[in-house]
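# Structural overview for review
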Amino acid sequence: MNQVLKQLQPEFNKECEKLGISVSDKQSEQLLNYLSSLLKWNKAFNLTAIRDPKEALYLHLLDSVVVSPAIKQFDSCLDVGTGGGLPGIPLAILNPNKEFTLLDTNSKKTRFLKQVVYELGLKNVTVVNKRVQDFQSDSGYACILSRAFASLKDMTDWTWHLLAKGGQWLAMKGVYPQQEIEELAETLELVESKQVKVPNLDATRYFIYLQKIS
Ligand SMILES: C[S@@+](CC[C@H](N)C(=O)[O-])C[C@H]1O[C@@H](n2cnc3c(N)ncnc32)[C@H](O)[C@@H]1O
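Residues numbered from 1 in each chain as written. Predicted model: local features only at pLDDT ≥ 70, side-chain atom pairs only at ≥ 80, totals over all residues. Heavy atoms only, no water.

The protein carries the name Ribosomal RNA small subunit methyltransferase G in an unreviewed UniProt entry, which gives Kangiella sediminilitoris as its organism. According to its UniProt record, the protein has this under Subcellular location (unreviewed entry): "Cytoplasm". The protein has a UniProt comment under Catalytic activity (unreviewed entry) that states "guanosine(527) in 16S rRNA + S-adenosyl-L-methionine = N(7)-methylguanosine(527) in 16S rRNA + S-adenosyl-L-homocysteine". (UniProt positions renumbered as here; feature names shortened; annotations may be inferred.)

The structure is reproduced here in structure tokens:
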């Protein structure tokens, strides 16, 4: 593991505890090993603009960890436009009993993800290299989530066929997406919007839950 991250591990564990998110020693190791790989392979795979380990710890890892309580009601999740695995990999580490599919159209990124899943021994993750519009699933997903992916309209249009009956979309947004909500089709409804504070992140996070109107 990256030595700077190793030194930051107690701080990371404390932040998780303050957030009320329980992280075992093994999960903490896996989370930091994942971040370490992301930073190590960044140059080769072009995974993130953030290069500083401490910044990445807060802006990537903790920003993903805070999603964990928000998906507790879902047993299967599709992380669409997952990039280097955010928030999908941290969520899969923290929720070994849920199934995660991490999808991205960029084959370099999915190659990195397959390697990470293998190295961390994650049995609950499937990595898919496809445009989401071309991806099919038999049973669909209870939750389709995304971080920094697309407008709410594009996200829901492109993944409409992948949501299981009774499922919900969960979009992570940096500002409240009033305009995007107004542009949504009448066949969709806003279930809930939650404001979430991420440690060391000046901006507020908004979790937007959407569902189909039946
Ligand atoms: C800005 S990155 C965000 C990555 C990650 N979710 C994060 O928060 O760091 C958006 C990702 O969406 C992927 N993407 C864009 N359009 C896509 C599509 N139609 N289907 C699948 N992936 C797509 C891109 O390849 C890119 O990796």
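Moving on: the environment of Y176. In this fold, Y176 is placed in the loop between β5 (163–173) and α8 (178–182). Residues Y176 and P199 lie 23 residues apart in sequence; the distance between their C-alpha atoms is 19 Å. The residues contacting Y176, other than those within four sequence positions of it, are I181, L190, S193, Y206 and I208. (Helix = DSSP H or I, 4+ residues; strand = E, 2+ residues; numbered from the N terminus. Contact = heavy atoms within 4.5 Å.)

Let us look at the site of the ligand. Near the ligand, the surroundings consist of 16 residues, among which G81, L86, D104, V132 and R147 are the closest. The separation between a nitrogen atom of the ligand and a polar main-chain atom of T105 is 3.3 Å. Between an oxygen atom of the ligand and a side-chain N or O atom of R147, the distance comes to 2.8 Å. Relative to its unbound accessible surface of 600 Å², the ligand loses 76% to contact with the protein. Here the residues of the shell around the ligand are counted per class, giving five nonpolar, six polar and five charged. (Near = heavy atom within 4 Å. Polar contact = N/O pair within 3.5 Å; in protein donor to acceptor, adjacent residues only side chain to side chain. Areas by Shrake-Rupley, 256 points an atom, 1.4 Å probe, with all protein chains shown as cover. Nonpolar A, V, L, I, M, F, W, Y, C, P; charged D, E, K, R; others polar.)

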